[in-house]
Amino acid sequence: MNDDGPVGYVEVVAPVFVCYLGHPYAMAEEIAQVHDFDRAVQIVTERAASSRRPKLA
């Protein structure tokens, strides 16, 4: 994965962490809501990595 900048965001909206994919924030898409911060970060990074992989024809 390229680490040149943000790939998404995790926002605290008690009692959950809302996961967003994309940048800038205003253009990011909500992809999940979870109760564990570490899991939220994992979801964003995994989805970012999979969205950057080349698609097979």
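Details of the structure are given in the entry above.
All figures in this text were calculated on a predicted structure; none of them were measured in a lab.

A.B. asks: Explain the overall build of the chain to me, and be specific about the residues and the numbers.
C.D. replies: Helices and strands together make up the secondary structure of the chain, namely one helix and three strands. Secondary structure of the chain in N-to-C order comes out as β-β-β-α. Relative to its full complement of 57 residues, the chain shows a buried share of 28%. Considering only residue pairs separated by 6 or more positions, the chain has 27% of its internal contacts joining residues 24 or more positions apart.

A.B. asks: Can you break down the sheet that holds strand β1 (residues 8–13) residue by residue, with the values?
C.D. replies: In space, the three strands of this open sheet follow the order β1-β2-β3, with antiparallel pairing throughout. Among the strands making up the open sheet, the edge pair consists of β1 and β3 (29–34). Across the sheet, the axes of successive neighbouring strands diverge by a mean angle of 25°, strand direction being ignored. Relative to strand β2 (residues 16–21), β1 runs antiparallel, the two sharing six bridges. Paired with V13 across the two strands is V16, which belongs to β2. Contacts from helix α1 (residues 37–52) reach β1, β2 and β3 within the one sheet, and its direction differs from that of β2 by about 15°.

A.B. asks: Lay out the pairing of β2 with the relevant residues and their values.
C.D. replies: Within β2, six of the six residues are buried, which leaves the element mostly enclosed by the surrounding structure. Neither face of β2 is exposed, since V16, V18 and Y20 on one face and F17, C19 and L21 on the opposite face are all buried. The hairpin formed by β1 and β2 contains two residues between the paired strands.

Conventions used here
- Residues numbered from 1 in each chain as written.
- Predicted model: local features only at pLDDT ≥ 70, side-chain atom pairs only at ≥ 80, totals over all residues.
- Heavy atoms only, no water.
- Helix = DSSP H or I, 4+ residues; strand = E, 2+ residues; numbered from the N terminus.
- Buried < 20%, exposed > 50% of the residue type's maximum accessible area, 1.4 Å probe, protein only.
- Contact = heavy atoms within 4.5 Å.
- Pairing = 2+ DSSP bridges.
- Axes fitted to C-alpha atoms, helices over the stretch in contact; angles between N-to-C directions.

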